[in-house]
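Here is what each chain is made of, one letter per residue.
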Amino acid sequence: MRPPLPLVTRTSLLLLLLCNLEFASSFFATPLDHRMAPRRAVVRLRAEINPGAVSGTSLRILEYPHPALRAPNADVDAFDDELRQLAKEMVSIMYASGGCGLAAPQVGVNRRLMVFNPTGDPSKWMQEYVMCNARIIQYADARSVGEEGCLSFPGFTADVARSNWIKIEYTNVRGKKQRKKLKGFDAIVFQHEYDHLDGVLYVDHLSEDERNRVQADIDALTGRYTETSAGPAAL
Ligand SMILES: [Zn+2]
């Protein structure tokens, strides 16, 4: 468990984080590919989980600096059973990890596919999203800073600024185009996952102070990867 986070007066996302926080006393429970927390209470984030092998799928969550996290991602062009099976397996891994979202490159599939459920709760399947070839049409100018984590960066979290709302369009797994406005926590999860599809990782957005704070954690991941991989680290 991480130690309690410092008190900071940020109010904007409190109501949006019901799914993602495990407050030291009685608040909510964490999940996300990305975890975030309002820095205004004594908050403790639940330990991150890389579930490793998950029943029903051979996919695994890849950790930084695996090259798949930086590789180009191709548009989804076949809205078939294979795509739906892939999405289903990604959703399973997301829930098994205690996460709220997962992008295909995080499981080594370099396609523009993401899944998320802002509640992180498998029983709330009505709030699951599976999005193909999503793009952001419009960003809010207003941005808020929140604490995020990423299953590809286990063991630490850091503050990132994101737009408060976005307008997006995407294609669902049946090949139907959709438009949607996402705000608050939903928008944050989407922006984090969307970044993955462009090979952008949340640590790319950190302020100099935040980067310095977590650099040792990033270096440790890099060291672990190079020790266990035959290939060079992709930095
Ligand atoms: Zn992530």
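Residues numbered from 1 in each chain as written. Predicted model: local features only at pLDDT ≥ 70, side-chain atom pairs only at ≥ 80, totals over all residues. Heavy atoms only, no water.

Draft legend 1. Region of interest: helix 3 (residues 208-228). Compared with the 30 Å implied by 1.5 Å per residue over 21 residues, the 29 Å span of helix 3 between its first and last C-alpha is a close match. The largest bend in helix 3 is about 50°, located at Val214. Within the span of helix 3, buried status applies to Glu210, Val214, Ile218, Leu221, Thr222 and Tyr225. Close packing links the buried residues of helix 3 with strand 7 (153-163). (Helix = DSSP H or I, 4+ residues; strand = E, 2+ residues; numbered from the N terminus. Expected span 1.5 Å × (residues − 1). Bend = angle between axes of the 7 residues up to and from the residue. Buried < 20%, exposed > 50% of the residue type's maximum accessible area, 1.4 Å probe, protein only. Contact = heavy atoms within 4.5 Å.)

Draft legend 2. Up close: the sheet that holds strand 8 (residues 165-171). Here five strands make up an open sheet; going across it, the order is 3-4-5-8-9 and the pairing antiparallel. Each edge of the open sheet is held by one strand with a lone partner, namely strand 3 (101-103) and strand 9 (177-183). Sheet twist, expressed as the average angle between the axes of neighbouring strands with direction ignored, equals 40°. Looking at chain direction, strand 3 and strand 4 (residues 113-116) are connected through three bridges and run antiparallel. Directly across from Leu102, in strand 4, lies its bridge partner Val115. (Pairing = 2+ DSSP bridges. Axes fitted to C-alpha atoms, helices over the stretch in contact; angles between N-to-C directions.)

Draft legend 3. Expanded view of the packing of aromatic side chains. For the coordinates displayed, the defined rule picks out seven aromatic pairs. Judged by centre distance (6.1 Å) and plane angle (80°), the rings of Phe153 and Phe156 are edge-to-face. Residue Phe153 is classed as buried on the basis of its relative accessible area, which comes to 0%. Accessibility expressed as a relative area gives 3% for Phe156, which makes it buried. Aromatic side chains Phe156 and Tyr202 sit 6.5 Å apart centroid to centroid with 25° between the ring planes, which places their arrangement in the stacked category. A residue pair is termed long-range when its members are at least 10 positions apart, and Phe156 in strand 7 and Tyr202 in the loop between helix 2 (184-197) and helix 3 qualify at 46 residues. Both residues of the pair, Phe156 and Tyr202, belong to the buried class. Its guanidinium or amino end placed over the ring of Tyr194, Arg112 lies 5.9 Å from that ring's centre, counting from NZ or CZ. Sitting above the plane of the Trp165 ring, Lys181 keeps its charged end 4.5 Å from the centroid. (Phe/Tyr/Trp six-rings, centres within 6.5 Å; stacked < 30°, edge-to-face > 60°. Lys NZ or Arg CZ within 6 Å of the ring centre and 35° of its normal.)

Draft legend 4. Seen up close, the confidence of the model for the protein chain. Predicted confidence across the protein chain gives a mean pLDDT of 81, with 76% of residues reaching 70 or more. Here residues 1-32 scores under 50 on pLDDT; set against residues more than four positions off or in separate chains, the count is 110 contacts. The model gives residues 35-48 a pLDDT under 50, and that stretch makes 81 contacts with residues more than four places away or in other chains. (pLDDT = per-residue confidence, 0-100.)

Draft legend 5. Representation of helix 2 within the structure. Spanning 14 residues, helix 2 covers 20 Å between terminal C-alpha atoms, matching the ideal 20 Å at 1.5 Å per step. Burial runs high along helix 2: 13 of the 14 residues are buried.

Draft legend 6. Looking closely at the layout of surface pockets. Its volume calculated, the largest pocket comes out at about 180 Å³. If you go around the largest pocket, the residues you meet are Arg84, Ala87, Lys88, Val91, Glu128, Tyr129, Val130, Tyr170, Asn172, Val173 and Gln178. Elements with a contribution of two residues or more to the lining of the largest pocket: helix 1 (81-96) and strand 5 (129-139). If you tally residues by element for the lining of the largest pocket, the top one is helix 1, at four residues. Of the residues belonging to the lining of the largest pocket, the class tally is six nonpolar, two polar and three charged. (1 Å grid on protein atoms, 1.4 Å probe; cavity = no way out; pocket = protein on both sides within 12 Å on 5 of 7 lines; lining within 4 Å. Points joined across faces, edges and corners; volume = space filled by probe spheres on them. Nonpolar A, V, L, I, M, F, W, Y, C, P; charged D, E, K, R; others polar.)

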